[in-house]
Amino acid sequence: ETNKASYNRILLKLSGEALMGDENFGIDPKVLDRMALEIGQLVGIGVQVGMVIGGGNLFRGEALSRAGMDRVTGDHMGMLATVMNALAMRDALERNNITTRVMSAISMVGVVEDYDRRKAIRYLNQGDVVIFSAGTGNPFFTTDSAACLRGIEVECDVVLKATKVDGVYSADPVKNPTATKYDRLTFDEALEKQLGVMDLTAMCLTRDQNMPVRVFNMNKPGALVTVVRGGDEGTLIEN
Ligand code: UDP
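Residues numbered from 1 in each chain as written. Predicted model: local features only at pLDDT ≥ 70, side-chain atom pairs only at ≥ 80, totals over all residues.

This part covers the overall build of the protein chain. Broken down by element type, the protein chain carries eight helices and eleven strands. Against the globule reference of 18 Å for 239 residues, the protein chain gives a C-alpha radius of gyration of 17 Å, in line with a compact fold. The principal-axis extent of the C-alpha atoms belonging to the protein chain is close to 50 × 50 × 35 Å. A buried classification covers 44% of the 239 residues belonging to the protein chain. (Helix = DSSP H or I, 4+ residues; strand = E, 2+ residues; numbered from the N terminus. Rg over C-alpha atoms; globule rule 2.2 N^0.38 Å. Buried ≥ 20, exposed ≤ 12 C-beta atoms within 10 Å, placed from the backbone.)

In structure tokens, the structure reads:
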């Protein structure tokens, strides 16, 4: 029974930056391959995997707008960036023989299919990985919000937010060596202490819809599988 997963269906959120590896822009194919292998392990133990990938390795609307660009145009570029990342991830997954669907919140005929909730659930039930791209389709939102929204819509058991650190800390562990890691938090505690787990939109959505979120370190080999088997990695945030 040690092989058994404790979740049937998960929503895995990767930041765009996670795809950069040691570079400071773009996509590192080595990183994609490593992630594809880890995701393949989940599929192998029968877990249904939905994914949202950010776009911060390519474009962020906020940064573009700080440089003078119209914010909504910048957000559109950011959302298109997430589609590019999704295509790259699909490519890596399919090279590892994992059937993968990319759905987009913005129509892109001939490139990816439109987001359709019922179709997504059918794909997940048949064991395909589904990557939800183009965020929510709306400016002023983030891919954390998109991950929480899709996770709730397609009835995932948990949102797994992959980060560069081991979980949620009382302060930035890089800047403050006395920072301590939380194993568990309630949404209200995380909000009250302003721990910056995700943006407020995502936090309120998951709190109100009672969707647990686990923050963990994807750079730690095997951490993803440990999390899915119910192991104590990172920080669990729930009501
Ligand atoms: N974005 C958006 N609406 C959404 C999701 C994303 O406008 O629903 C844009 C926004 O400009 C954002 C960019 O896409 O900065 C990339 O997403 P995000 O910053 O969440 O990526 P990550 O930080 O996870 O790499």
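So, on to the UniProt feature "binding site: UMP" (unreviewed entry) in the protein chain. The positions UniProt marks with the feature "binding site: UMP" (unreviewed entry) are Gly55, Asp75, Thr136, Gly137, Asn138, Pro139, Phe140, Phe141, Thr142 and Thr143. Spatial clustering of the annotated residues is evident: they stretch over 89 residues in sequence, but the largest pairwise C-alpha distance comes to 14.1 Å. Not counting the four nearest positions on each side in its chain, Gly55 is found in contact with Gly16, Arg60, Gly78, Met79, Ala81, Thr82, Asn85 and Thr143. Topologically, Phe140 is positioned in the loop between strand S5 (129–133) and helix H5 (143–153). (UniProt positions renumbered as here; feature names shortened; annotations may be inferred. Contact = placed C-beta atoms within 7 Å.)

Take the sheet that holds strand S6 (residues 158–163) next. The nine strands are arranged S4-S3-S5-S2-S1-S6-S10-S11-S9 in an open sheet whose pairing can be described as mixed. Both edges of this open sheet fall to strand S4 (113–114) and strand S9 (184–186), since each of them pairs with a single strand only. Here strand S3 (residues 100–104) pairs with S5 via five bridges, running parallel. Paired with Arg101 across the bridge in S5 is Val130. Strands strand S1 (9–14), strand S2 (48–53), S3 and S5 of the sheet are contacted by helix H4 (residues 117–125), whose axis makes an angle of about 150 degrees with S5. (Pairing = 2+ DSSP bridges. Axes fitted to C-alpha atoms, helices over the stretch in contact; angles between N-to-C directions.)

Bringing the site of the ligand into the picture now. If you check the shell around the ligand, you find 25 residues, and the closest are Gly54, Gly56, Gly61, Gly78 and Gly135. Those elements giving two or more residues to the shell around the ligand turn out to be helix H2 (61–66), helix H3 (71–95) and H5. Among the elements that make up the shell around the ligand, the one with the highest residue count is H3 (six residues). Grouping the constituent residues of the shell around the ligand by class yields five nonpolar, 15 polar and five charged. (Near = placed C-beta within 6 Å. Nonpolar A, V, L, I, M, F, W, Y, C, P; charged D, E, K, R; others polar.)

It is worth spelling out the pairing of strand S10 (residues 213–217) at this point. In terms of residue burial, S10 counts as a mostly covered element, since four of its five residues are buried. With five bridges connecting them, S6 and S10 associate as parallel partners. Its bridge partner lying in S10, Leu160 is registered against Arg214. As judged from the three bridges shared by S10 and strand S11 (residues 235–238), these two strands associate in the antiparallel manner. When the sheet's bridge partners are listed, Val213 is paired in S11 with Ile237.

Here Gly234 shows up in the loop between helix H8 (223–228) and S11. A C-alpha to C-alpha distance of 9.6 Å links Gly234 and Thr163, two positions 71 residues apart in sequence. Every residue in contact with Gly234, bar those within four places of it in the chain, is listed here: Asp166, Gly167, Arg214, Val215, Phe216, Asn217 and Val227.

Here we take up H3. Taking 1.5 Å of rise per residue, the 25 residues of H3 would be expected to cover 36 Å, and the 36 Å separating its terminal C-alpha atoms lies within 8% of that figure. Asn97 sits one or two positions beyond H3 and adopts a positive phi of about 65 degrees. (Expected span 1.5 Å × (residues − 1).)

Counting 67 residues, the largest nonpolar core has Ile10, Met51, Ile131, Val159 and Leu160 as its most contacted members. For Ile10, the contacting residues outside a window of four places in its chain are Val47, Val49, Gly50, Cys156, Asp157, Val158, Leu160 and Val228. (Core = buried A, V, L, I, M, F, W, Y, C linked by C-beta atoms within 7 Å.)

Before going further, it helps to spend a moment on the UniProt feature "domain: Aspartate/glutamate/uridylate kinase" (unreviewed entry) in the protein chain. Under the local residue numbering, the UniProt record ascribes the feature "domain: Aspartate/glutamate/uridylate kinase" (unreviewed entry) to residues 8–217. Counting secondary structure, residues 8–217 comes out at 40% helix and 20% strand; the distance between its end C-alpha atoms is 21 Å.

The contact between H5 and helix H7 (residues 200–209) brings their axes to 8 Å, and the two run at 20 degrees. Comparing the axis directions of H5 and H7 gives the class roughly parallel. Once H5 is placed against H7, the crossing between them reads as left-handed. For the pair H5 and H7, the contacting residues are Asp144, Ser145, Cys148, Leu149 and Ile152 in the first and Thr201, Ala202, Leu205, Thr206 and Gln209 in the second. For the contact of H5 with H7, the class distribution of residues is five nonpolar, four polar and one charged. (Parallel < 35°, antiparallel > 145°, perpendicular 65-115°, else oblique. Left-handed = near helix turned anticlockwise from the far one by under 90°.)

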